[in-house]
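Structure at a glance
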Amino acid sequence: MSYNFILSSILILFIFCYMMLLNYAWQNRETPISISYGLGVVTAFFYTFGYAFQLLSTTVDQMMFWIHIQYIGIPFAPFIWVIMTLQFTGNQRFLTKRTIALLSIGPIYTLTAHFTNEWHHLFYKSATLNFSQGFPLIILDRGPLFYLHIGYVYTYHLIGIGLLIHIYLKSNRERKKQVALMMIGSLFVFGFPFIHSIGVIKVPIDISPFGLVFSSLFYLWGIYKFNLLKLSPLAMKKVFESINDAVIIFDIDNNLKIYNKSADKLFEQLPNKKLIGNSAAEVLSHFPTLVQFIERKSSGLLELQQTSNIFYTRA
């Protein structure tokens, strides 16, 4: 069995991994980040699928056909990455039509430059075959438009990394694990193509699709361990703060854990967060009926009670 057939089989096998990720994203499509993540998986699918069959091709024309298939996904990966990190870090407010239009410039440029290359030969100057590995590999002489594409890709990557670093520095310990997972996973996605593009390590094949394989496994682990695609704590905090009704949360010992801005306005006896940790009897001294209700409950299960436009829950 030839070397290129083995590599192609590995990539085709991992396409099923992408299908699992895409299915999971679809099941959680009620959250915007799941949709953008699913679209990111689609871009990885085209890249991996195209390269798997490029490895089995024997002529320049066949290989260029499969490279075209790869470029159905490649230009959109950085674009989707920025959108996903904006959603993950709770910065959805920046996803306006204007922002999306500006971010679209990158993928539109790459698509145009790549698929019109036969007219100008500025993306790829030439394409030849190399048989030194025992099977044909295409050698592409990259032109200036290709390096502009590389610049766009890593500019978008750095934007996403910057957003993640910013949120990492102000997150709690559990949240930092999720953020770190996102950053490490992105290094597989963008790091492998960077190594291949600048030729730091002389590897005869394109290692970028294999970076996507490592990334997919890494994110698959993160999804099941950290619920990566669920509503982020930062987004939940924003929803919590935006609720018009007063919400007060106590722990199982009936001590104040957190409350939202509406509760801050409603209760004059809660002027600041120094009362967090105090008992329900102290916090709700103006609402003796509600205090009695809370104190009667001895279980640690979540309960919900609405009294005087107040929502009570035990965490």
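Here goes a summary of the coordinates provided. Please read these numbers as outputs of a predicted model, since none were measured by experiment. (Residues numbered from 1 in each chain as written. Predicted model: local features only at pLDDT ≥ 70, side-chain atom pairs only at ≥ 80, totals over all residues. Heavy atoms only, no water.)

1. Details of the packing of aromatic side chains
The final tally for this structure, using the stated rule, is 16 aromatic pairs. For the ring pair Y71 and F123, a centre distance of 5.8 Å and an interplane angle of 85° mean the geometry is edge-to-face. Of this pair, Y71 sits in the loop between helix 3 (60-70) and helix 4 (76-88) while F123 is found in the loop between helix 7 (117-120) and strand 1 (124-130), placing the two residues 52 residues apart along the sequence. Of the two residues, Y71 and F123, both sit in the buried class. (Phe/Tyr/Trp six-rings, centres within 6.5 Å; stacked < 30°, edge-to-face > 60°. Helix = DSSP H or I, 4+ residues; strand = E, 2+ residues; numbered from the N terminus. Buried < 20%, exposed > 50% of the residue type's maximum accessible area, 1.4 Å probe, protein only.)

2. A short note on the pairing of strand 3 (residues 246-250)
By the criterion of burial, strand 3 is predominantly enclosed, with 5 of the 5 residues buried. Burial of strand 3 is two-sided: the residues A246, I248 and F250 facing one way and the residues V247 and I249 facing the other way are all buried. Here 3 bridges tie strand 3 to strand 4 (residues 256-259), and the two strands are oriented antiparallel to one another. What sits directly across from F250, in strand 4, is L256. (Pairing = 2+ DSSP bridges.)

3. What to know about the pairing of strand 2 (residues 137-142)
Pairing between strand 1 and strand 2: 6 bridges, direction antiparallel. When the bridges of strand 2 are listed, N130 appears paired with L137. Taking the residues between adjacent antiparallel strands as the criterion, strand 1 and strand 2 are bridged by 6 residues, where G134 takes a positive phi near 95°.

4. Details of the nonpolar core
Y37, L55, W81 and I205 are the most contacted members of the largest nonpolar core, which totals 60 residues. Secondary structure elements with two or more residues in this core: helix 1 (3-27), helix 2 (32-54), helix 3, helix 4, strand 2, helix 8 (144-169), helix 9 (173-198) and helix 10 (208-226). The greatest single-element share of this core, amounting to 10 residues, is contributed by helix 8. Counting 13 residues, the second largest nonpolar core, distinct from the first, contains I248, Y259, V283 and L290. (Core = buried A, V, L, I, M, F, W, Y, C linked by side-chain atoms within 4.5 Å.)

5. With respect to the packing of helix 2 against helix 4
Remark: helix 2 packs on helix 4, axes separated minimally by 9 Å, with the N-to-C direction vectors making an angle of 160°. With respect to helix 4, the element helix 2 is oriented roughly antiparallel. As for the relative orientation of helix 2 and helix 4, their crossing is left-handed in sense. Contacts between helix 2 and helix 4 pair P32, I33, S36, Y37, L39, G40 and T43 from the former with F76, A77, I80, I83, M84, Q87 and F88 from the latter. For the contact of helix 2 with helix 4, the residue count by class is 10 nonpolar, 4 polar and no charged. (Axes fitted to C-alpha atoms, helices over the stretch in contact; angles between N-to-C directions. Parallel < 35°, antiparallel > 145°, perpendicular 65-115°, else oblique. Left-handed = near helix turned anticlockwise from the far one by under 90°. Contact = heavy atoms within 4.5 Å. Nonpolar A, V, L, I, M, F, W, Y, C, P; charged D, E, K, R; others polar.)

6. Topic: a nonpolar patch on the surface
A contiguous nonpolar surface patch, about 340 Å² in accessible area, is contributed by L13, F16 and M19. Mapped onto the secondary structure, F16 falls in helix 1. According to the relative accessible area criterion, F16 is exposed, its value standing at 52%. (Patch = residues over 30% accessible without salt bridge, like charges linked within 9 Å, V, L, I, M, F, W, Y side chains within 5 Å. Areas by Shrake-Rupley, 256 points an atom, 1.4 Å probe, with all protein chains shown as cover. Salt bridge = Lys/Arg side-chain N within 4 Å of Asp/Glu carboxyl O.)

7. Topic: the environment of I195
On the secondary structure map, I195 appears in helix 9. According to the relative accessible area criterion, I195 is partly exposed, its value standing at 27%. On a C-alpha basis, the gap between I195 and D206 in space is 9.7 Å, while along the polypeptide they are 11 residues apart.

8. Looking at the packing of helix 1 against helix 2
Relative to each other, helix 1 and helix 2 sit at 165°, their axes nearing to 9 Å. On the basis of the axis angle, helix 1 is roughly antiparallel to helix 2. In the packing of helix 1 onto helix 2, the handedness of the crossing is left-handed. On helix 2, the residues touching S8, L11, I12, I15, Y18, M19, L21, L22 and A25 of helix 1 are S34, Y37, G38, V41, V42, A44, F45, T48, F49, Y51, A52 and F53. Classifying every residue of the contact of helix 1 with helix 2 by side-chain character gives 17 nonpolar, 4 polar and no charged.

9. Overview of the side chain of N117
Counting through the fold element by element, N117 comes out in helix 7. Using a relative accessible area of 10% as the deciding quantity, one classes N117 as buried. Within the structure, the side chain of N117 is placed 2.8 Å from the backbone nitrogen of Y124, a separation counted as a polar contact. Aside from chain neighbours lying at most four places away, what touches N117 is L122, F123 and Y124. (Polar contact = N/O pair within 3.5 Å; in protein donor to acceptor, adjacent residues only side chain to side chain.)

10. A few points about the environment of M84
In this structure, M84 sits in helix 4. Residue M84 is classed as buried on the basis of its relative accessible area of 7%. Dropping the residues within four chain positions of it, M84 is found in contact with I33, S36, Y37 and M182.

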